[in-house]
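# Commentary on secondary and tertiary structure
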Amino acid sequence: MRALLLLVVLACSSCYADENVFGPLAMLEGTWFGNSGRSVSPAPPIDTCFTETITFTRMFPVANDVAGNTLYALHYEQYAYDPTGNPLHHEVGEWLWDPATKTVVRIAAVPRGQAVLAGGVATLNGDGSTVLTVEAQRGNDSFGILNTPAALAAAPAVRYQSVFTLDKSGALLTYVDTTTLALVQQGNAPFTHVNADCLHKQTQPTGGTLVPLKCPYLPTLCTTTATRDDDDVDDAAGTQ
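Every value quoted in this text rests on a predicted model; they were computed, and no experiment measured them.

It is worth spelling out the overall build of the chain at this point. On a plain count of helices and strands, the chain comes out with three helices and 14 strands. Out of the 240 residues in the chain, the part that is buried amounts to 43%. Sequence separation of 24 or more characterises 53% of the internal contacts of the chain that already satisfy a separation of 6 or more. Accessible area of the chain: about 12600 Å², with a carbon and sulfur share of 59%.

Set out below in structure tokens:
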């Protein structure tokens, strides 16, 4: 029985794609931790600092027989906590790379009842950093946004943009996620909901007091220190 299980594990490990086929997504794989996060939310406008862990896991190649292309995907899971350690946000999704069209795709689902399929491009900056930019808009047939009936009645998401910047070393990740909400009770007035953070890649974050990261691509983050213990970090990272 143990021999059979070993054979199955070996066979499955060969299913996962080589790192080079992931193109600009390759450096995302692994666990990232940030303690300078900032979120601006509506009703009423709230400016919140947060810490977070994002884990990107390599998936198997996805062959689309109808379209005749193969996509390479990283599954991700994100946990964020407010300064007191209470859960603030959870998100799951995938980043996809289509080498045939040089398209980057992000699929994201959040517990408040909204889902996004966003697409765009990867660009290389002069300093060697890689920028992933994806966008979506409500009503689009390709890259669009879905809202639950409750979200539609209160504050549906109508536009979305996500910009990830990876430095040349692959050890520093910054992002700005911008979602435009239509506030129904205010005549569909637009509100710009922003989440942003600067994260370092690490195999296992350590607990204790963490100094805010110096982030060259995102200077307007929170500047207060945050304290996390090992149990919180393990929970956020999914306990590897």
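Summed over all chains, the structure comprises four aromatic pairs. With centroids separated by 6.0 Å and ring planes inclined at 65 degrees, the aromatic side chains of Phe22 and Tyr72 adopt a geometry described as edge-to-face. In this pair, Phe22 is assigned in the loop between α1 (2–13) and β1 (30–41) and Tyr72 in strand β4 (residues 69–81), connecting sequence segments 50 residues apart. Phe22 gets classed as buried once you look at its relative accessible area, which sits at 1%. Here the aromatic cluster, defined as three or more aromatic residues joined through ring pairs, consists of Trp95, Phe164 and Tyr175.

It is worth spelling out unusual backbone geometry at this point. Residues other than glycine seldom take positive phi values, yet Lys102 does so here, at roughly 55 degrees. Structurally, Lys102 can be placed in the loop between β5 (87–98) and β6 (103–110). Residue Asn188 is not a glycine yet carries a positive backbone phi of 65 degrees. Examined against the element boundaries, Asn188 turns out to sit in the loop between β11 (172–183) and β12 (189–201). A relative accessible area of 47% places Asn188 in the partly exposed class.

Time to look at the nonpolar core. Grouped together as the largest cluster of nonpolar side chains are 33 residues, with contacts concentrated most on Leu25, Leu28, Phe56, Trp95, Phe164 and Leu173. Filtering out sequence-adjacent residues up to four positions away, Phe56 remains in contact with Leu28, Glu29, Gly30, Trp32, Leu74, His75, Tyr76, Trp95, Phe164 and Leu173.

Turning our eyes to something else, we now look at the pattern of salt bridges. Counted by the stated rule, this structure contains four salt bridges. For Asp47, the salt bridge identified is with Arg38, shortest N-O distance 2.6 Å. With a relative accessible area of 46%, Asp47 lands in the partly exposed category. The partly exposed category is assigned to Arg38, whose relative accessible area is 30%. Salt bridges sharing common partners tie together Glu91, Arg106 and Asp177.

A few words on the pairing of β5. Strand direction decides the pairing type here: β4 and β5, joined by ten bridges, are antiparallel. If you follow Ala73 over to β5, its bridge partner there is Leu96. In this antiparallel pair of consecutive strands, β4 and β5, the connection spans five residues, and Gly85 shows a positive phi of 95 degrees. Where β5 meets β6, seven bridges bridge the pair, whose relative direction is antiparallel. What sits directly across from Leu96, in β6, is Val105. Joining the antiparallel neighbours β5 and β6 is a turn of four residues, in which Lys102 adopts a positive phi near 55 degrees.

Conventions we followed
- Residues numbered from 1 in each chain as written.
- Predicted model: local features only at pLDDT ≥ 70, side-chain atom pairs only at ≥ 80, totals over all residues.
- Heavy atoms only, no water.
- Helix = DSSP H or I, 4+ residues; strand = E, 2+ residues; numbered from the N terminus.
- Buried < 20%, exposed > 50% of the residue type's maximum accessible area, 1.4 Å probe, protein only.
- Contact = heavy atoms within 4.5 Å.
- Areas by Shrake-Rupley, 256 points an atom, 1.4 Å probe, with all protein chains shown as cover.
- Phe/Tyr/Trp six-rings, centres within 6.5 Å; stacked < 30°, edge-to-face > 60°.
- Core = buried A, V, L, I, M, F, W, Y, C linked by side-chain atoms within 4.5 Å.
- Salt bridge = Lys/Arg side-chain N within 4 Å of Asp/Glu carboxyl O.
- Pairing = 2+ DSSP bridges.

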